[in-house]
Amino acid sequence: MWQVGSSVRMLASGAVDPVHRRWLEQVRPRVAAAGLDEGWLADLVPPTGYVPDFLNPAPTGPAPTLAQELAAVVASPACRVRRDLDHFGHHRGGIGARLRSLHADPRTGLARVAQEIETYWELALAPYWARIRTVLEADVLHRARQVSQYGVGHLLDELHPEVSWSDDVLRLVRLRRSLSRETAGAGLLLVPSAFKGPGLSTRIAPPDPPQLAYRARGTGTLWERRTVTGTAATAAVLGRTRTLLLTELETPATTTQLAQRTGTSRAGVSQNLTALRDAGLVTAHRAGRSVLYARTSVAESLLAAGR
């Protein structure tokens, strides 16, 4: 959900982040065409400032699925939803009709929010998830190595310029109140995000552990073009057409787009994509009336090995 919220915020800001320019150019038209730029997420995730805490539930494990996170969002107690919306309205100078309906009937409203998040995920994040997840997992691995080699204090000191650790106290530059371990909840949850801006974001909602979200290492390389050469070995196994389709899926594309790029008939492209999907090498994601196909992490590894 941190990836959902921070990416929605980036889209809503209207800015052209140089790191994410290619993603923004592809996703903004899809989101607008689906009306999501004027929906629940647009109301709940403003370009700046507070986002209701119930949108970022405490995860049950290190790699929760979207379904698990949405189940936690939908299960948010009505009192928490109303408290968060009151706090949100205080910061924003009030809330609109849509959020007032959520305040009045959290159960019905949260089901609609979850449905919209699923639509947004399919349009904006799912086609790119293999790349995004790779960056996030690499960040987690780097932090784990820091802890094992130098200790938690070193990790926190190196995490971000706004964070420091000394005398068993964690200090955040922009956090304006003290928070003891007894009142904060057990532990501290570090959340790497591919779409975070340069600052930090926090979620402090006892009894859940505090959450600290930051931009993941390697985000700058997320959308770099990955030229694929030397695919003869891969083609010998998959066939030339299927290997060509995988190389063309450097960015998600439709059947029509792939047919135009490769000179293959739409029927031929569709047949080969079905085989690649059955083999776990591509995924399909509904985008309005079209279907976007994307390479999986397995396909990325296969192409890399072929090189």
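Look a little higher up for the structure.
Owing to the predicted nature of the structure, the values given are computational and were not obtained by experimental measurement.

**Q** I would appreciate a short explanation of the overall build of the chain in the present structure.
**A** If you tally the helices and strands in the chain, you get 15 helices and seven strands. In summary, the chain has a C-alpha radius of gyration of 21 Å against a globular reference of 19 Å for 307 residues, a match within 12%. Over its C-alpha atoms, taken along the principal directions, the chain stretches across nearly 60 × 50 × 30 Å. Counting across all 307 residues of the chain, residues that qualify as buried make up 43%.

**Q** Even after reading the chapter, I still don't get the pairing of strand β7 (residues 290–295), so can you show me in this structure?
**A** For a regular strand, the rule is simple: side chains alternate between the two faces of the sheet. Here strand β6 (residues 282–287) pairs with β7 via six bridges, running antiparallel. Within β7, the residue paired with alanine 287 across the bridge is serine 290. The hairpin turn running from β6 into β7, its antiparallel successor, is two residues long, and glycine 288 in that turn takes a positive phi close to 70°.

**Q** What exactly am I supposed to notice about the nonpolar core here?
**A** For soluble globular proteins, the rule of thumb is that nonpolar side chains tend to be buried together. Among the nonpolar cores identified, the biggest contains 47 residues, and Trp23, Leu44, Phe54, Leu102, Tyr120, Leu125 and Ile132 are the most heavily contacted of them. Put simply, the parts of the chain that give this core at least two residues each are α1 (2–13), α2 (21–33), α3 (40–44), α4 (66–74), α5 (78–92), α6 (97–104), α7 (106–125) and α8 (129–150). With nine residues, the single largest contributor to this core is α7. Excluding residues within four positions of it along the chain, leucine 102 makes contact with Trp40, Leu44, Phe54, Val81, Leu85, Gly109 and Leu110.

**Q** Would you explain the pattern of salt bridges in this entry?
**A** A side chain with one charge may pair with a side chain of the opposite charge, provided their charged atoms come close. Scanning the model with the defined rule gives 10 salt bridges in all. The residue arginine 21 makes a salt bridge to glutamate 25 at a minimum N-O spacing of 3.3 Å. Of this pair, arginine 21 and glutamate 25 both sit in helix α2, four residues apart, roughly one helical turn. Three or more residues joined by partner-sharing salt bridges are found here, namely Arg22, Arg131 and Glu250.

Rules behind the numbers
Residues numbered from 1 in each chain as written. Predicted model: local features only at pLDDT ≥ 70, side-chain atom pairs only at ≥ 80, totals over all residues. Heavy atoms only, no water. Helix = DSSP H or I, 4+ residues; strand = E, 2+ residues; numbered from the N terminus. Rg over C-alpha atoms; globule rule 2.2 N^0.38 Å. Buried < 20%, exposed > 50% of the residue type's maximum accessible area, 1.4 Å probe, protein only. Pairing = 2+ DSSP bridges. Core = buried A, V, L, I, M, F, W, Y, C linked by side-chain atoms within 4.5 Å. Contact = heavy atoms within 4.5 Å. Salt bridge = Lys/Arg side-chain N within 4 Å of Asp/Glu carboxyl O.

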